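Now for the letters of each chain:
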Amino acid sequence: MSEGLRDRKKQETSKTISDVATRLFIRNGFEDVTIAEIAAEARVAKMTVTNHFPRKEDLVFDIREDFTAWPAALIRDSVFHDTRELYFEALGAEHALVGFSGPGFVRMIKESPALTNALHEMHRERETALIDLLIRRHPEEDLTPTLAAAHLTTVLRVLFQEVFDRILENEKTVVDELWPIAEQAFDQLEPAFGRY
């Protein structure tokens with residue numbers, strides 16, 4: 001089997017396991033589904049599930065790596081303006097990185113302490129990635145990069161939570177309702193960022 005085919009097969013297996021797990025979690029609750037049940041439903045060995053997803057929470061947050069790296073990995077010149085642009089692109093596309101998913105998925109996360117904690121951890125990892133980026137760019141400064149990253153990621157976290165809340169309320173116009181709120185939030189941030 002070629003390397004490319006092996007990688008594709010691995011990705012397909014991961015997606016199948018994640019999809020099956022998410023479906024079971026939404027139906028039965030995160031805490032009430034076992035790895036053995038996921039393996040049986042996905043028709044793979046229990047070890048295959050844990051090889052692909054070392055932690056049970058990873059089955060839900062299969063976008064964790066993209067989530068925590070975004071926006072730090074995509075910033076080009078201006079941390080503030082690039083992040084703002086990325087945010088509104090993702091908002092317009094109703095992307096999972098800014099909180100969009102189905103009501104069942106949102107409810108599952110909100111009802112599970114383990115998943116809520118995992119989501120908070122992902123937000124902290126996103127903040128750490130931004131702090132690292134700013135410190136690399138401005139090693140001569142003390143707390144300023146840390147504070148700037150904290151301000152920006154707080155806005156991203158609050159807006160993410162707002163998307164979650166509006167999805168649970170079955171709002172059909174989340175993007176239209178949230179857009180002016182997000183613009184106001186970024187406008188308030190801009191003076192604090194200065195040259196960032």
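Residues numbered from 1 in each chain as written. Predicted model: local features only at pLDDT ≥ 70, side-chain atom pairs only at ≥ 80, totals over all residues. Heavy atoms only, no water.

Caption draft 1: Fine view of the packing of helix H1 (residues 3-28) against helix H6 (residues 103-111). It is at 9 Å that the axes of H1 and H6 come closest, and there the two elements cross at 70°. Taken together, the axis directions place H1 and H6 in an arrangement best described as roughly perpendicular. On H6, the residues that touch Thr22, Phe25 and Ile26 of H1 are Gly104, Phe105 and Met108. Taken together, the residues that form the contact of H1 with H6 break down as four nonpolar, two polar and no charged. (Axes fitted to C-alpha atoms, helices over the stretch in contact; angles between N-to-C directions. Helix = DSSP H or I, 4+ residues; strand = E, 2+ residues; numbered from the N terminus. Parallel < 35°, antiparallel > 145°, perpendicular 65-115°, else oblique. Contact = heavy atoms within 4.5 Å. Nonpolar A, V, L, I, M, F, W, Y, C, P; charged D, E, K, R; others polar.)

Caption draft 2: View of the side chain of Asp58. Inspection of the secondary structure puts Asp58 in the loop between helix H3 (46-52) and helix H4 (64-69). On the basis of relative accessibility, which here comes to 15%, the residue Asp58 falls in the buried class. With residues near it in sequence (within four places) discarded, Asp58 still touches Phe53 and Arg64. (Buried < 20%, exposed > 50% of the residue type's maximum accessible area, 1.4 Å probe, protein only.)

Caption draft 3: Focus on the pattern of salt bridges. Counted under the stated rule, the structure contains eight salt bridges. Of the charged contacts in the structure, one is a salt bridge between Arg55 and Glu121, with a shortest N-O distance of 3.5 Å. In this pair, Arg55 is assigned in the loop between H3 and H4 and Glu121 in helix H7 (residues 113-137), connecting sequence segments 66 residues apart. A residue is classified by how much of its surface remains accessible, and Arg55, at 32% relative accessible area, is partly exposed. Residue class for Glu121 comes out partly exposed when judged on its relative accessible area of 26%. Its salt-bridge partner being Arg84, residue Asp187 comes within 2.9 Å of it at the nearest N-O pair. Here Asp187, found in helix H9 (residues 174-193), pairs with Arg84, found in helix H5 (residues 79-92); they are 103 residues apart in sequence, far enough to count as distant. Judged by relative accessible area, which is 44%, Asp187 ranks as partly exposed. (Salt bridge = Lys/Arg side-chain N within 4 Å of Asp/Glu carboxyl O.)

Caption draft 4: Structural context of H6. Looking only at H6, the buried set comprises Phe105, Val106, Met108 and Ile109. Along H6, the residues classed as buried sweep out an arc of 160° about the axis, all on the same side. Contact partners of the buried residues in H6: H1, H7 and helix H8 (144-168). (Arc of directions from axis to C-beta.)

Caption draft 5: Examining the environment of Ala148 more closely. Positionally, Ala148 belongs in helix H8. Between the alpha carbons of Ala148 and Phe193 there is a distance of 6.3 Å; along the sequence they are 45 residues apart. Residue contacts for Ala148: discarding those within four places in its chain leaves Leu134, Phe193 and Tyr196.

Caption draft 6: Highlighting the nonpolar core. One finds Phe25, Ile38, Leu59, Val60, Tyr87, Ile109 and Phe186 to be the most contacted residues of the largest nonpolar core, which totals 61 residues. For this core, the secondary-structure elements that each account for two or more residues are H1, helix H2 (35-42), H5, H6, H7, H8 and H9. Considering every element that reaches this core, the biggest residue donor is H8, with ten residues. Among residues more than four places away in sequence, those in contact with Phe25 are Phe30, Val33, Ile38, Lys56, Leu59, Val60 and Met108. (Core = buried A, V, L, I, M, F, W, Y, C linked by side-chain atoms within 4.5 Å.)

Caption draft 7: Looking closely at the packing of aromatic side chains. Within this structure, the stated rule accounts for eight aromatic pairs. Each ring, one from Phe88 and one from Trp179, has its centre 4.7 Å from the other, and the planes form 45°; the classification is tilted. Residue Phe88 is found in helix H5, and its partner Trp179 is found in helix H9; the two are separated by 91 residues along the sequence. Residue classification places Trp179 among the partly exposed residues on the basis of a relative accessible area of 29%. With 5.8 Å between their ring centres and 50° between their planes, Phe88 and Phe186 make a pair best called tilted. Note that Phe88 is positioned in helix H5 and Phe186 in helix H9, a separation of 98 residues in sequence. Residue classification places Phe88 among the buried residues on the basis of a relative accessible area of 11%. For Phe186, a relative accessible area of 0% gives the class buried. Three or more aromatic residues joined by ring pairs form one cluster here, namely Phe80, Tyr87, Phe88, Trp179 and Phe186. In this arrangement the basic side chain of Lys56 is found over the ring face of Phe30, its NZ or CZ atom lying 4.6 Å from the centre. (Phe/Tyr/Trp six-rings, centres within 6.5 Å; stacked < 30°, edge-to-face > 60°. Lys NZ or Arg CZ within 6 Å of the ring centre and 35° of its normal.)

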